[in-house]
There are 2 protein chains.
Amino acid sequence: MISIIIMNKTAADIFDEYLAAKGLRQTNQRRQILDAFISVKSHCTIADLYDVLKKKDPSIGFATVHRNLRLLCEAGLAQEIKIGSGKARFELTFGQSHHDHLICLKCGKFIEVFDMQIERLQEKLAEANDFLPRKHKLEIYGYCRQCR
Amino acid sequence: MISIIIMNKTAADIFDEYLAAKGLRQTNQRRQILDAFISVKSHCTIADLYDVLKKKDPSIGFATVHRNLRLLCEAGLAQEIKIGSGKARFELTFGQSHHDHLICLKCGKFIEVFDMQIERLQEKLAEANDFLPRKHKLEIYGYCRQCR
DNA sequence: ACTAAGAATGATATGCATTATCATTAGTAT
DNA sequence: ATACTAATGATAATGCATATCATTCTTAGT
Ligand SMILES: [Mn+2]
Ligand SMILES: [Mn+2]
Ligand SMILES: [Zn+2]
Ligand SMILES: [Zn+2]
């Protein structure tokens, strides 16, 4: 059980508050899903998380995992990342700041990177085109140290 | 009929050479598909191109358009771009140099951009992580001049 | 504690884009 | 012209995401 605490709040606290604010209910499945998502390596697919959860509770449904990963995104705790043509992946955003990804074409590893200079140049590039940027996606595909 | 000519070769020439080299055949459909793809605004989906082609030749099949857009990619004349969660889009690479995209969240417009500084910083960022970059994807989502 | 209201779950069905299959058509070399 | 076989086009299969709906469970009110 990993617990990152920010401003005296855990991810579970924030989720509970979000549920309350929206008139949604707390359930065993929701607790299990958040716990598993936090402990599993990030960038997991729905199926990845479903497999982990099934071991503890074989009755859990795929649809429930799917729905609640979406809900975690709505609550601001997770975000979906679409890589290549594969399935949707999710990563925890709680306790993490914005970053981009280097993705290994051989082993599939994700390396998280951030470059303030690039971020600023992107802003400028948008501005130069009369474009109001809201979000961006920078993915560099290639080979990691182990695979090059 | 638009004809960009590079080193005395049109896109059709290159396609024909690719087909010959691979022992593949020239067909009316292949000629029609390349022509339509060149004349249509880029960033089109398979369905977009299929609709255009159907008007000239109602007997053409969706699968044929699909297969041959893929083939154009193999031949180095086109490339697939996956945006958001929607369908695959294709753009002509013949006569075009590398660029990234600003994508309007409202009207869906693609603005093509290039920033050599960003390109170089990406190389550096990869290198700093012992990563051998092969290709990258930079997409900035936001609102264009008309939609902001 | 009991109950009513309705949100959540999980099995299954549906939707949608992509890709495979296969009988038929058509391009190419001889 | 013929034989060979690649390409086509209709259709089926696949993969993933999402919708549906009967049943279960959470929660607020008594
Ligand atoms: Mn990440
Ligand atoms: Mn483009
Ligand atoms: Zn690797
Ligand atoms: Zn716009």
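Each remark here, short or long, concerns the structure printed above.
Residues numbered from 1 in each chain as written. Chains lettered and ligands numbered in written order. Predicted model: local features only at pLDDT ≥ 70, side-chain atom pairs only at ≥ 80, totals over all residues. Heavy atoms only, no water.

Enquirer: With reference to specific residues and values, describe the sheet that holds strand β5 (residues 88–92) of chain B.
Expert: In a beta sheet, neighbouring strands are held together by backbone hydrogen bonds and run either parallel or antiparallel to one another. Residues and elements named next belong to chain B. Pairing within the open sheet is antiparallel, and its 3 strands lie in the order β3-β5-β4. Either end of the sheet is taken by a strand with one partner, and the two such strands are β3 (44–45) and β4 (78–82). Each of β3, β4 and β5 is contacted by helix α2 (residues 28–39), which is oriented at about 85° to β5, the strand it contacts most. Docked against the sheet, helix α4 (residues 62–74) engages β4 and β5, running at close to 110° with respect to β4. (Pairing = 2+ DSSP bridges. Helix = DSSP H or I, 4+ residues; strand = E, 2+ residues; numbered from the N terminus. Contact = heavy atoms within 4.5 Å. Axes fitted to C-alpha atoms, helices over the stretch in contact; angles between N-to-C directions.)

Enquirer: I'd like a rundown of the sheet that holds strand β3 (residues 44–45) of chain A, residues and numbers included.
Expert: Residues and elements named next belong to chain A. With antiparallel pairing, the 3 strands of this open sheet are ordered in space as β3-β5-β4. Bordering the open sheet on either side are β3 and β4 (78–82), each of which pairs with just one other strand. Here 2 bridges tie β3 to strand β5 (residues 88–92), and the two strands are oriented antiparallel to one another. Within the sheet, the bridge partner assigned to threonine 45 lies in β5 and is arginine 89. Taken strand by strand, helix α4 (residues 62–74) contacts β4 and β5, and its axis lies near 110° from that of β4.

Enquirer: Tell me about the packing of helix α5 (residues 116–128) of chain A against helix α5 (residues 116–128) of chain B, residues and numbers included.
Expert: Relative to each other, α5 of chain A and α5 of chain B sit at 160°, their axes nearing to 10 Å. Between α5 of chain A and α5 of chain B, the angle is such that the two are roughly antiparallel. Note on packing geometry: the crossing formed by α5 of chain A with α5 of chain B is left-handed. Here Gln117, Ile118, Leu121, Gln122 and Leu125 of chain A of α5 of chain A come into contact with α5 of chain B, specifically with Gln117, Ile118, Leu121, Gln122 and Leu125 of chain B. (Parallel < 35°, antiparallel > 145°, perpendicular 65-115°, else oblique. Left-handed = near helix turned anticlockwise from the far one by under 90°.)

Enquirer: Can you lay out the side chain of histidine 99 of chain B for me, pointing to particular residues and giving the numbers?
Expert: Residue and element names in this part refer to chain B. Mapping histidine 99 onto the fold places it in the loop between β5 and β6 (100–104). At a separation of 3.2 Å, a polar atom in the side chain of histidine 99 contacts the side chain of glutamate 91. Among the polar contacts made by the side chain of histidine 99, one reaches the side chain of glutamine 96 at a distance of 3.4 Å. If we ignore the near neighbours within four places in the chain, the residues touching histidine 99 are Glu91, Glu112, Val113 and Phe114. (Polar contact = N/O pair within 3.5 Å; in protein donor to acceptor, adjacent residues only side chain to side chain.)

Everything listed here is a matter of geometry and, on its own, says nothing about what the molecule does.
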